[in-house]
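# Close look at the chain arrangement
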Amino acid sequence: MSAASPAPEPSTESLPAARQAGANEKTRAKARFTAGAPDLLTALVEAERFFDGSDDHGCPLHQKILAAIDTVKGGAA
């Protein structure tokens, strides 16, 4: 005696529509990131100015700030 397995319920959303929804979410997330990039860049530049002329110029934190500035400039372009 074999029991009939129930058929899977049909999806309420088509696969292309689901892909499009995911793409829209990624686009919105990217837009939010790039919209905040100028503010982030301004904050990083202000932080970097702290190290100008200080004894800590070139310390690991200063190097990380400089790397972050390069990343934001490259990501926003």
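Provided above is the structure to which this section pertains.
Residues numbered from 1 in each chain as written. Predicted model: local features only at pLDDT ≥ 70, side-chain atom pairs only at ≥ 80, totals over all residues. Heavy atoms only, no water.

## Section: the packing of aromatic side chains
To be explicit about the condition: Only rings of Phe, Tyr and Trp enter the pairing, Trp through its six-membered ring, and a pair is recorded when the two centres are within 6.5 Å. The plane angle decides the type: under 30 degrees is stacked, over 60 is edge-to-face, the rest tilted. With a 1.4 Å probe rolled over the protein chains alone, any residue whose accessible area is under 20% of its type maximum counts as buried; one over 50% counts as exposed, and the rest are partly exposed.
All told, the structure shown has one aromatic pair when counted by the stated rule. A ring pair is formed by phenylalanine 50 and phenylalanine 51, whose centres lie 5.2 Å apart and whose planes are at 85°; its orientation type is edge-to-face. Residue classification places phenylalanine 51 among the buried residues on the basis of a relative accessible area of 4%.

## Overview of the nonpolar core
The condition is simple: Grouping buried Ala, Val, Leu, Ile, Met, Phe, Trp, Tyr and Cys residues that are joined through side-chain atoms within 4.5 Å yields what is termed a nonpolar core. By definition, any uninterrupted DSSP run of H or I lasting at least four residues is a helix, any uninterrupted run of E lasting at least two residues is a strand, and each is numbered from the N terminus. In this description, contact between two residues means that some pair of their heavy atoms is separated by no more than 4.5 Å.
Ranked by size, the top nonpolar core spans seven residues in total: Ala37, Leu44, Phe51, Cys59, Ile65, Ile69 and Val72. Among the secondary structure elements, those contributing two or more residues to this core are α1 (15–51) and α2 (60–76). For valine 72, the residues in contact, after removing those within four places along its chain, are Ala37, Leu40, Leu41 and Leu44.

## Describing the side chain of glutamate 48
Operational definition: This count recognises Lys and Arg as positive and Asp and Glu as negative, with His and chain-terminal groups excluded. Between Lys or Arg on one side and Asp or Glu on the other, a salt bridge is scored when a side-chain nitrogen of the former is within 4 Å of a carboxyl oxygen of the latter.
The topology assignment puts glutamate 48 in helix α1. With no salt bridge to any partner, buried glutamate 48 finds its closest opposite charge in arginine 49, at an N-O distance of 6.2 Å. Beyond its immediate sequence surroundings of up to four residues, glutamate 48 is in contact with His62, Ile65, Leu66 and Ile69.

## A few points about the pattern of salt bridges
Taken as a whole, this structure holds one salt bridge when the rule is applied. Note that glutamate 46 is salt-bridged to arginine 49, the shortest N-O span being 2.5 Å. Of this pair, glutamate 46 and arginine 49 both sit in helix α1, separated by three residues, roughly a single helical turn. Note on glutamate 46: relative accessible area 45%, which makes it partly exposed.

## A closer look at the side chain of histidine 62
Spelled out, the test is: Polar contacts here mean pairs of N or O atoms no more than 3.5 Å apart (in protein, one a potential hydrogen donor and the other a potential acceptor; neighbouring residues in sequence count only if both atoms are side-chain atoms).
Summarising the element assignment, histidine 62 is placed in helix α2. Since its relative accessible area comes to 2%, histidine 62 is described here as buried. Of note is the side chain of histidine 62, whose polar atom sits 2.9 Å from the side chain of glutamate 48. The contacts of histidine 62, once residues within four sequence positions are left out, are Glu48, Phe51, Asp56 and His57.

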